[in-house]
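One letter stands for each residue in the lines below.
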Amino acid sequence: MAKILDGKLVAKEILDNLSDEILFLEKAPCLAVIIVGDDPASKIYVNLKRKKATELGFDSVVVEMPETITQNDLLAKIEELNEDKKINAILVQMPLPKHIDANAVIEKINPIKDVDCFHPYNVGRIATGNIPYIYPCTPKGIMRLLEYYDIEISGKNAVVVGRSNIVGKPMAQMLLNSNATVTICHSKTKNLSQITQKADILISAVGKANLITKDMVKEGAVVVDVGMNRTQDGKLCGDVDFWEAEQKASYITPVPGGVGPMTICSLMVNTYDLFKKQNEL
Ligand code: GUN
């Protein structure tokens, strides 16, 4: 039976320490979140982020824009937030409506306020093994979770399933920077299970319930589930068939309570880190 990688517990520990530090600041770090349109899932995520920021004593601003907003108006709003000294961190909730070029939006964000680490400056810094202003929230949360449980990365076979810019690609890069031997799998990968069976560390970030079954997991593997899916009866579940995989894994993240809390935790830590960098603290 696998040990649980308890993201809820680790995130709480990190955020308890962070809220102690915030008490001594003269002004509060401020996170701005832009949400375009009415996507219900995005609204839930944005509310969660705002709630956590408020709980910690951060200031937060939520900018709601209609689905029909023009790209130019959105870029102008980002420019305004870039210039605003009170705003330390800018997050544009994805996905954006189809008529808006997400890359143009991301590139408009000042890299020192790019709390998601989506800007090519920060992404490029990671790719070249340099230090970015901040690391992307989900991969950073996963790295902290592995570190908390003393899980060795160097020399291990790490398999990342999913190649999104938000999770899969930066996750692979960060594992590589920590000296893992990394394979990225995606929708066109042939013989997925043959590859995952070799993974000492298996990370799934696809968004497909029950994608990872027992036969795909190596005995003793560390299994990290980034998926956030709904079952037919409305329950939250990951990409991994938990009860199957946990019979072979040495460590496994639950859904919920694994990667999700670590992602929000990293967003808060990133906001604080950007605040410190901007104020030379
Ligand atoms: N949509 C889904 N996940 C994320 C995230 O981590 N950041 C942003 N900005 N949008 C998202």
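Before reading on, note that the structure itself is shown above.
Source: prediction; values computed, not measured.

### Some remarks on the pairing of strand β6 (residues 181–185)
As judged from the 5 bridges shared by strand β5 (residues 157–161) and β6, these two strands associate in the parallel manner. When the bridges of β6 are listed, valine 160 appears paired with isoleucine 184. Between β5 and its parallel partner β6, the chain crosses via helix α7 (residues 168–177), and the hand of that crossover is right-handed.

### Some details on the site of the ligand
Around the ligand, the neighbouring residues are Leu91, Val92, Gln93, Met94, Asp116, Phe118 and Ile166. Note that a nitrogen atom of the ligand is positioned 2.8 Å from one of the backbone N or O atoms of valine 92. Methionine 94 is positioned such that a nitrogen or oxygen atom in its backbone is 2.9 Å from a nitrogen atom of the ligand. In isolation the ligand offers 280 Å² of accessible surface; the protein chains occlude 79% of this area. Per-class residue counts for the shell around the ligand are 5 nonpolar, 1 polar and 1 charged.

### Here's the deal with the pairing of strand β8 (residues 222–225)
Taking every second residue as pointing to the same face, both faces of β8 are buried, with Val222 and Val224 on one and Val223 and Asp225 on the other. As defined by bridge partners, strand β7 (residues 201–204) adjoins β8 across 4 bridges and the pair is classed as parallel. Note that in β8 the partner of isoleucine 203 across the bridge is valine 224.

### Overview of the side chain of aspartate 225
You can see aspartate 225 is positioned in strand β8. With residues near it in sequence (within four places) discarded, aspartate 225 still touches Ser204, Gly238, Asp239, Val240, Thr253, Val255 and Val259.

### So, α7
The set of residues buried in α7 consists of Gly168, Pro170, Met171, Ala172, Met174 and Leu175. The secondary structure elements touched by the buried residues of α7 are α5 (120–127), α6 (137–148), β5, β6 and β7. Immediately downstream of α7, the backbone of asparagine 179 shows phi near 70°, a positive value.

### A closer look at the packing of α6 against helix α10 (residues 259–278)
Interaxial distance between α6 and α10 falls to 8 Å at its minimum, and their mutual angle equals 110°. When the axis of α6 is compared with that of α10, the two are roughly perpendicular. Contact with α6, carried on its side by Cys137, Thr138, Lys140, Gly141, Ile142, Arg144 and Leu145, involves Val259, Met262, Thr263, Ser266, Leu267, Val269, Asn270 and Asp273 of α10 and no other residues of that element. Partitioned by chemical class, the residues of the contact of α6 with α10 number 7 nonpolar, 5 polar and 3 charged.

### Points about the environment of cysteine 185
Inspection of the secondary structure puts cysteine 185 in strand β6. Cysteine 185 sits 11 residues away from methionine 174 along the chain, and the two C-alpha atoms are 16 Å apart. Apart from residues lying up to four places away in sequence, cysteine 185 is in contact with Val159, Val160, Val161, Gly162, Arg163, Leu192 and Ile195.

### Describing the packing of aromatic side chains
One pass over the structure, following the stated rule, counts 5 aromatic pairs. On the basis of an interplanar angle of 65° and a centroid distance of 5.1 Å, the ring pair of tyrosine 148 and tyrosine 149 is categorised as edge-to-face. Judged by relative accessible area, tyrosine 148 falls into the partly exposed class, the value being 35%. The class of tyrosine 149 is buried, set by a relative accessible area of 19%. Linked through ring pairs, Tyr148, Tyr149 and Tyr251 together constitute an aromatic cluster.

### Some words on a nonpolar patch on the surface
A surface patch of nonpolar side chains, about 370 Å² in accessible area, is lined by Ile44, Tyr45, Leu48 and Met228. Here tyrosine 45 lies in helix α2 (residues 40–55). What makes tyrosine 45 partly exposed here is its relative accessible area of 31%.

### Here we look at the environment of valine 160
Relative to the elements of secondary structure, valine 160 occurs in strand β5. For the pair valine 160 and alanine 199, spaced 39 residues apart in sequence, the C-alpha to C-alpha distance is 9.0 Å. In this view, valine 160 contacts Gly168, Met171, Ala172, Leu175, Val182, Thr183, Ile184, Cys185 and Ile203; residues no more than four positions away in its chain are not counted.

Parameters at a glance
Residues numbered from 1 in each chain as written. Predicted model: local features only at pLDDT ≥ 70, side-chain atom pairs only at ≥ 80, totals over all residues. Heavy atoms only, no water. Pairing = 2+ DSSP bridges. Helix = DSSP H or I, 4+ residues; strand = E, 2+ residues; numbered from the N terminus. Right-handed = clockwise from strand over helix to strand, strands pointing away. Near = heavy atom within 4 Å. Polar contact = N/O pair within 3.5 Å; in protein donor to acceptor, adjacent residues only side chain to side chain. Areas by Shrake-Rupley, 256 points an atom, 1.4 Å probe, with all protein chains shown as cover. Nonpolar A, V, L, I, M, F, W, Y, C, P; charged D, E, K, R; others polar. Buried < 20%, exposed > 50% of the residue type's maximum accessible area, 1.4 Å probe, protein only. Contact = heavy atoms within 4.5 Å. Axes fitted to C-alpha atoms, helices over the stretch in contact; angles between N-to-C directions. Parallel < 35°, antiparallel > 145°, perpendicular 65-115°, else oblique. Phe/Tyr/Trp six-rings, centres within 6.5 Å; stacked < 30°, edge-to-face > 60°. Patch = residues over 30% accessible without salt bridge, like charges linked within 9 Å, V, L, I, M, F, W, Y side chains within 5 Å. Salt bridge = Lys/Arg side-chain N within 4 Å of Asp/Glu carboxyl O.

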